[in-house]
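Residues per chain, in single letters:
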Amino acid sequence: MHFVPTQEEIVGLLRQTGALREGHFEYPNGLHANEYLQVALAMRYYQHAKTMSVALSRLVRANPEIRAIIPELSIVAPGTGGLPVAYGVCEALRAHQVYWAEREEETEPLRFRQYFQMMPGEKVLLVDDILRSGRQLTELKSLVESKGGQVVGLAVIAYQDTPRTLKFDPLPFYRLAKLDATYYKDAASCDLCKRNVPIEKVWI
Ligand SMILES: [Zn+2]
């Protein structure tokens, strides 16, 4: 692979590991799609995880403003899916620290662990495996800011935007691959439903 793998190389790796799947999928929010991505299936192979984390870190490092603050930079993930990415990026960047948020129950807000404290003005790079709806990262950004931190950018392995994806402008945003799934807002408008393609419900 190149210094930073190409979009095609990343997509190939995601397909080959079963992370990127073609078919007919229904998301919990009711959207239907012809592709589904579960990055964790690629991250279970350590070398692939490392390849992708190092590549992502190189994109981040190319930003001079972020590069200048790497020794004090915190890498923060919004849950378990982003953890291997966060640790990989932190290691490759030699950033200051890694931590993550989580929720007790599906309906509870994201929170950090007990006794956790942020430094006032702490510089934070938000990292996740995928940006799809953007809800999780939006919530994490608010949480970081509510604790006195400052988000300086976002980095994800894959960007699979939908018509409902939230935006993070003007923050710098880095992704290794952009995936262009076809989305339908419900069953009634879905071509795959019309063609009676067997449907699978995905958990997230
Ligand atoms: Zn459908």
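See the structure shown above.
Residues numbered from 1 in each chain as written. Predicted model: local features only at pLDDT ≥ 70, side-chain atom pairs only at ≥ 80, totals over all residues. Heavy atoms only, no water.

### Focus on the overall build of the chain
Turning to step 1, where the next piece is worked out: Along the chain, the regular secondary structure elements total seven helices and nine strands.
Turning to step 2, where the next piece is worked out: The C-alpha atoms of the chain give a radius of gyration of 17 Å, which matches the 17 Å a tight globule of 204 residues would have.
Turning to step 3, where the next piece is worked out: In terms of its C-alpha atoms, the chain occupies a principal-axis envelope of roughly 55 × 40 × 30 Å.
Turning to step 4, where the next piece is worked out: When the 204 residues of the chain are sorted by exposure, 46% land in the buried category. (Helix = DSSP H or I, 4+ residues; strand = E, 2+ residues; numbered from the N terminus. Rg over C-alpha atoms; globule rule 2.2 N^0.38 Å. Buried < 20%, exposed > 50% of the residue type's maximum accessible area, 1.4 Å probe, protein only.)

### Remarks on the sheet that holds strand S2 (residues 32-37)
Turning to step 1, where the next piece is worked out: Strand order in the open sheet formed by four strands is S8-S2-S1-S9, with mixed pairing between adjacent strands. What marks the edges here is a single partner per strand, and that holds for strand S8 (183-184) and strand S9 (200-201).
Turning to step 2, where the next piece is worked out: Here strand S1 (residues 20-26) runs beside S9; their pairing, made up of two bridges, is parallel. Across the sheet, glutamate 26 pairs through a bridge with lysine 201, a residue of S9.
Turning to step 3, where the next piece is worked out: Contacts from helix H1 (residues 7-16) reach S1 and S2, with the element oriented near 70 degrees to S1. (Pairing = 2+ DSSP bridges. Contact = heavy atoms within 4.5 Å. Axes fitted to C-alpha atoms, helices over the stretch in contact; angles between N-to-C directions.)

### Here we look at the coordination of the zinc ion
Turning to step 1, where the next piece is worked out: Within the protein, the zinc ion binds to His24 (NE2), His32 (ND1), Cys190 (SG) and Cys193 (SG); these donor distances fall in the range 2.0 to 2.4 Å.
Turning to step 2, where the next piece is worked out: Its four donor atoms give the zinc ion angles of 98 to 117 degrees at the centre, a pattern that matches the tetrahedral case.
Turning to step 3, where the next piece is worked out: Judged by relative accessible area, which is 23%, cysteine 193 ranks as partly exposed. (Donors = N, O, S within 2.8 Å, 3.2 Å for Na, K, Ca; no water. Tetrahedral: all angles 85-135°; square planar, octahedral: opposite > 155°, others 65-115°.)

### Here's the deal with the sheet that holds strand S3 (residues 74-77)
Turning to step 1, where the next piece is worked out: Spatially, the five strands line up as an open sheet ordered S4-S3-S5-S6-S7, and their pairing is parallel. A strand with exactly one partner marks an edge of an open sheet, and here the two such strands are strand S4 (97-100) and strand S7 (173-178). In this sheet, neighbouring strand axes are inclined to one another by 20 degrees on average, regardless of whether the strands run parallel or antiparallel.
Turning to step 2, where the next piece is worked out: Here strand S6 (residues 150-159) runs beside S7; their pairing, made up of five bridges, is parallel. Paired with leucine 154 across the strands is phenylalanine 173, a residue of S7.
Turning to step 3, where the next piece is worked out: Sheet contacts for helix H6 (residues 135-146): S3, strand S5 (123-131) and S6; angle to S5, the most-contacted strand, approximately 165 degrees.

### What to know about the pairing of S1
Turning to step 1, where the next piece is worked out: In this sheet, S2 lies alongside S1 in antiparallel orientation, the contact comprising five bridges. Bridge pairing in S2 places phenylalanine 25 opposite alanine 33.
Turning to step 2, where the next piece is worked out: Linking two consecutive strands that pair antiparallel, namely S1 and S2, is a turn of five residues; a positive phi of about 100 degrees is found at glycine 30 within it.

### Focus: unusual backbone geometry
Turning to step 1, where the next piece is worked out: Across the junction of aspartate 169 and proline 170, the peptide omega takes the value 5 degrees, indicating a cis bond.
Turning to step 2, where the next piece is worked out: Mapped onto the elements of the fold, proline 170 is located in the loop between S6 and S7.
Turning to step 3, where the next piece is worked out: Positive phi is not limited to glycine here, since tyrosine 115 has a value of about 70 degrees.
Turning to step 4, where the next piece is worked out: Its place among the elements puts tyrosine 115 in the loop between S4 and S5.
Turning to step 5, where the next piece is worked out: Phi at asparagine 196 takes a positive value of approximately 55 degrees, unusual for a residue other than glycine.
Turning to step 6, where the next piece is worked out: Within the fold, asparagine 196 resides in the loop between helix H7 (191-194) and S9.

### Overview of the side chain of glutamate 35
Turning to step 1, where the next piece is worked out: One can find glutamate 35 in strand S2.
Turning to step 2, where the next piece is worked out: When its relative accessible area of 10% is taken as the criterion, glutamate 35 is described as buried.
Turning to step 3, where the next piece is worked out: Among all residues touching glutamate 35, those that are not within four sequence positions of it are Arg15, Leu20, Arg21, Glu22, Phe25, Tyr27, Gln160 and Ala181.

### As for the pairing of S4
Turning to step 1, where the next piece is worked out: When S3 meets S4, the two strands line up parallel, connected through four bridges. The residue of S4 that forms the bridge with alanine 77 is tryptophan 100.

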